[in-house]
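# Analysis of the macromolecular model
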Amino acid sequence: MPDRLVDVAREFEDGRQTPAEPRNAATVILMRPSAQGPEVYYMRRQDSMDFAGGMCVFPGGGVDPRDFDTTVAWAGPSPAEWAARLGCDEETARALVCAAVRETFEESGVLLAGTSETNVVADTTADDWEADRVALESRELSLTDFLIRRGLVLRTDLLGVWDAWLTPIFEPKRYRTWFFVALLPSGQITRDVSTESSSVEWIPAREAAEQADAGDLALLPPTYLTSVEVGEHSSPEEVLAVAASRSVEMFTPSVEPLGEGWTLSMPDRLRPLVAARRRP
């Protein structure tokens, strides 16, 4: 980290500046199998974006007020079960799960929903699906109304809990972001449809981390560390099995020393993985 940014961080830590109020958000690590382990869907954000411009991210975004609708069709773990695993209240948990499903559909065309709790939509590429996706993205259509119109229920059981990160205190735009994992449903394909991305790509998670180490792929610290950790597993199913037993606490990176300079801290469980990558 440059000394200038470290000085700014100290001003916030010392109370000389007031941090921005964070907004709740959800992001989904969308996976499919490959010979190199879980392959993950990355979106490169437009350079003009005021948050993480030019960086590669997972599909996701801020929670919308309509994500709190309690009448949304729901299958899978209850909001109370999600709240225990996400480390938040039940109302917020419901909204986060809805935001995760909605944002994934808006930004990749992949829909984690089905006509019952035992099936999932197989194809969302037709023009009528695209019209609904655009209406959701523009907020002309709510997730609840979309599901009712289609006779669908959220397949919340297709999501797993992975992590939770709060943007550092010194950033002008801050998010409490919960990270979910999901397997690309059989028959569905991703589409480069998000207006916020300049390009999209499926990359094995371990390869994405290697590209970031080489300076060939721009990843925010949580995206990089998630890629490192997911890349340790041999398949999406293995990642989902790990996620099934996880509950998360929100982690806020802070400034800490690194050699003769400074860096951002990380959860302790990830330090051995990163240290191993730095060894000759």
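Residues numbered from 1 in each chain as written. Predicted model: local features only at pLDDT ≥ 70, side-chain atom pairs only at ≥ 80, totals over all residues. Heavy atoms only, no water.

## Considering the overall build of the chain
Scanning the chain from N- to C-terminus turns up 9 helices and 12 strands. In terms of C-alpha radius of gyration, the chain reaches 19 Å, essentially the compact-globule figure of 19 Å for 280 residues. For the chain, the spread of C-alpha atoms along the principal axes amounts to about 60 × 45 × 35 Å. Sorting the 280 residues of the chain into buried and exposed places 52% on the buried side. (Helix = DSSP H or I, 4+ residues; strand = E, 2+ residues; numbered from the N terminus. Rg over C-alpha atoms; globule rule 2.2 N^0.38 Å. Buried < 20%, exposed > 50% of the residue type's maximum accessible area, 1.4 Å probe, protein only.)

## Observations concerning the nonpolar core
Formed by 45 residues in total, the largest nonpolar core has its most connected members in Trp 82, Leu 86, Leu 111, Phe 146, Leu 159 and Phe 180. Mapped onto this core, the elements with two or more residues apiece are strand 1 (23–32), strand 2 (39–45), helix 2 (79–86), helix 3 (90–108), helix 4 (127–137), helix 5 (143–150), strand 8 (159–166) and strand 9 (175–183). Counting residues per element, this core draws most heavily on helix 3, at 9 residues. In this view, Leu 159 contacts Val 28, Trp 82, Val 97, Ala 100, Val 101, Leu 112, Phe 180, Val 181 and Ala 182; residues no more than four positions away in its chain are not counted. (Core = buried A, V, L, I, M, F, W, Y, C linked by side-chain atoms within 4.5 Å. Contact = heavy atoms within 4.5 Å.)

## Notes on the packing of aromatic side chains
Applying the stated criterion to the full structure yields 8 aromatic pairs. Aromatic pair Phe 105 and Trp 129: ring centres 6.5 Å apart, planes at 85°, arrangement edge-to-face. Residue Phe 105 is located in helix 3, and its partner Trp 129 is located in helix 4; the two are separated by 24 residues in the primary sequence. On the basis of relative accessible area, Phe 105 is assigned to the buried category, the value being 1%. On the basis of relative accessibility, which here comes to 11%, the residue Trp 129 falls in the buried class. Three or more aromatic residues link up through ring pairs in this structure, and these residues are Tyr 42, Phe 58 and Phe 179. Over the ring of Trp 262 we find Arg 10; its NZ or CZ atom is 4.9 Å from the centre of that ring. Directly above the ring of Trp 82 sits Arg 85, whose terminal nitrogen or CZ lies 5.3 Å from the centroid. (Phe/Tyr/Trp six-rings, centres within 6.5 Å; stacked < 30°, edge-to-face > 60°. Lys NZ or Arg CZ within 6 Å of the ring centre and 35° of its normal.)

## Comments concerning helix 5
If you check which residues of helix 5 are buried, you get Leu 143, Thr 144, Phe 146 and Leu 147. Buried positions in helix 5, seen along its axis, are confined to an arc of 165° and lie on one side of it. Across helix 5 from its buried face, at more than 90 degrees, point the exposed residues Ile 148 and Arg 149. Gly 151, located one to two residues past helix 5, shows a positive phi value of around 70°. (Arc of directions from axis to C-beta.)

## Some words on the pairing of strand 8
Consecutive side chains of a regular strand alternate in pointing toward one face of the sheet and then the other. With 8 of its 8 residues buried, strand 8 lies for the most part within the structure. Pairing geometry for strand 8 and strand 9, over 7 bridges, is antiparallel. Each residue of the ladder has a partner; that of Ala 164, found in strand 9, is Trp 178. (Pairing = 2+ DSSP bridges.)

## Remarks on the sheet that holds strand 6 (residues 113–114)
Taken in spatial order, the 3 strands of this open sheet run 5-7-6, and their pairing is mixed. Two strands close off the open sheet at either side, each with one partner strand: strand 5 (74–75) and strand 6. Taken together, the 2 bridges between strand 6 and strand 7 (residues 153–155) define a ladder with antiparallel strand orientation. For Gly 114, the partnering residue across the bridge sits in strand 7 and is Val 153.

## Some words on the pattern of salt bridges
Counting across every chain of the model gives 24 salt bridges. With a closest N to O distance of 2.9 Å, Arg 10 and Glu 13 form a salt bridge. Note that Arg 10 and Glu 13 are positioned in helix 1 (residues 3–13) at a spacing of 3 residues, about one turn of the helix. Glu 103 is the partner of Arg 139 in a salt bridge, and the nearest nitrogen-oxygen pair spans 3.8 Å. Of this pair, Arg 139 sits in the loop between helix 4 and helix 5 while Glu 103 sits in helix 3, and the two are 36 residues apart along the sequence. (Salt bridge = Lys/Arg side-chain N within 4 Å of Asp/Glu carboxyl O.)

## Describing unusual backbone geometry
Here Arg 139, not a glycine, exhibits a phi torsion of approximately 70°, which is positive. Among the residues examined, Arg 139 registers a relative accessible area of 28% and is labelled partly exposed.

## Let's talk about the packing of helix 4 against helix 5
Interaxial distance between helix 4 and helix 5 falls to 10 Å at its minimum, and their mutual angle equals 160°. For the element pair helix 4 / helix 5, the angle class is roughly antiparallel. Between helix 4 and helix 5 lies a crossing whose hand is right-handed. The segment helix 4 lies against helix 5, with Asp 128, Trp 129, Asp 132 and Leu 136 engaging Leu 143, Phe 146, Arg 149 and Arg 150. Class assignment for the residues of the contact of helix 4 with helix 5 results in 4 nonpolar, no polar and 4 charged. (Axes fitted to C-alpha atoms, helices over the stretch in contact; angles between N-to-C directions. Parallel < 35°, antiparallel > 145°, perpendicular 65-115°, else oblique. Left-handed = near helix turned anticlockwise from the far one by under 90°. Nonpolar A, V, L, I, M, F, W, Y, C, P; charged D, E, K, R; others polar.)

Keep in mind that these numbers describe shape and distance, not what the molecule does.
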